[in-house]
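Residues per chain are reported as follows:
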Amino acid sequence: MILKKLTLQPQGLEVMLPAGSRLTDLEYEIQQRVIPFGCRSGACGSCVVEVVEGGTAALGEPDLDELDFLEDLGKSGGNHRLACQCRLLDSATLRVAE
Ligand code: FES
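Everything quoted here is computed from the prediction, not taken from an experiment. Residues take numbers from 1 onward in each chain, read along the sequence in its written order. Note on the predicted model: pLDDT of at least 70 is required for a residue's local features to be given, and 80 or more for side-chain atom pairs to be given and counted; whole-chain, interface and lining totals, by contrast, use all residues.

S.K.: Lay out the overall build of the protein with the relevant residues and their values.
M.R.: Per the secondary structure count, the protein includes three helices and seven strands. The order of α-helices and β-strands along the protein, N terminus first, is β-β-β-α-β-α-α-β-β-β. In summary, the protein has a C-alpha radius of gyration of 12 Å against a globular reference of 13 Å for 98 residues, a match within 12%. Dimensions along the principal axes, computed over C-alpha positions, put the protein at roughly 35 × 25 × 20 Å. Residues classed as buried in the protein amount to 22% of the 98 residues present. When contacts within the protein are restricted to residue pairs at least 6 apart in sequence, those whose partners lie at least 24 apart make up 64%. Secondary structure elements follow DSSP: runs of H or I no shorter than four residues count as helices, runs of E no shorter than two count as strands, and numbering proceeds from the N terminus. Only the C-alpha atoms count toward the radius of gyration. The rule for a globule is 2.2 Å times the residue count to the power 0.38. Remark: C-beta atoms are placed from the backbone, and a residue is labelled buried if 20 or more other C-beta atoms sit within 10 Å of its own, exposed if 12 or fewer do, or partly exposed between those counts. For every residue pair, C-beta atoms are placed from the backbone, and the pair is scored as a contact if these atoms sit within 7 Å.

Below, the structure is given as structure tokens:
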């Protein structure tokens, strides 16, 4: 199994997850609620994260629904993602809103 590193700021938490894991799997892996997931379907905006390192190579391309919703939230421009819609394809660093 290939593992990839997910780093979460500001906690400084580093977690190794199997490549391709959904970020929603995170809390099952570490038994902590670090990213405040709500709907888990890209509809509520509670899981918005800022991408510090990794980008689409690490998290996959956002689909049009995600891009539209990020724009509605004022978070368009490429640095933000809905964590519930991302898979960890390569190592990434994300900043969770406080
Ligand atoms: S958990 Fe609702 S948009 Fe991600």
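Here the narrative resumes.
S.K.: Tell me about the sheet that holds strand S4 (residues 48-53), residues and numbers included.
M.R.: Pairing between strands is defined by DSSP: at least two bridges between them are needed. Strand order in the open sheet made by the five strands is S2-S1-S7-S4-S5, with mixed pairing throughout. With partners counted over all chains shown, the strands left at the sheet margins are strand S2 (13-18) and strand S5 (80-82), one partner each. Averaged over all adjacent pairs, the angle separating strand axes in this sheet is 35°, with direction ignored. Sheet topology places strand S1 (residues 3-9) next to strand S7 (residues 92-96); four bridges connect them, and they run parallel. Within the sheet, the bridge partner assigned to Thr7 lies in S7 and is Thr93. Only the stretch in contact is used when a helix axis is fitted, and all axes are lines through C-alpha atoms; the angle between N-to-C directions ranges over 0 to 180 degrees.

S.K.: Which residues make up the nonpolar core, and what are the values?
M.R.: Any nonpolar core is a set of buried residues, restricted to Ala, Val, Leu, Ile, Met, Phe, Trp, Tyr and Cys, that join up through C-beta atoms within 7 Å. Of all hydrophobic cores here, the largest spans 17 residues; its most connected members are Leu23, Ile35, Cys47, Ala83, Leu88 and Ala92. Leaving out residues up to four positions away in the same chain, Leu23 has contacts with Ile35, Ala83, Cys84, Cys86 and Leu88.

S.K.: I'd like a description of the environment of Gln31, backed by residues and values.
M.R.: Locating Gln31 in the fold gives a position in the loop between helix H1 (26-30) and S4. For the pair Gln31 and Glu61, spaced 30 residues apart in sequence, the C-alpha to C-alpha distance is 27 Å.

S.K.: Explain unusual backbone geometry to me, using residue names and the numbers behind them.
M.R.: A cis amide bond links Gln9 with the next residue in sequence, Pro10, at an omega value of 5°. Of note in the backbone geometry, Arg40 takes a positive phi value of approximately 65° without being a glycine. Relative to the helices and strands, Arg40 resides in the loop between H1 and S4. Residue Arg40 is classed as partly exposed on the basis of its 16 C-beta neighbours within 10 Å.

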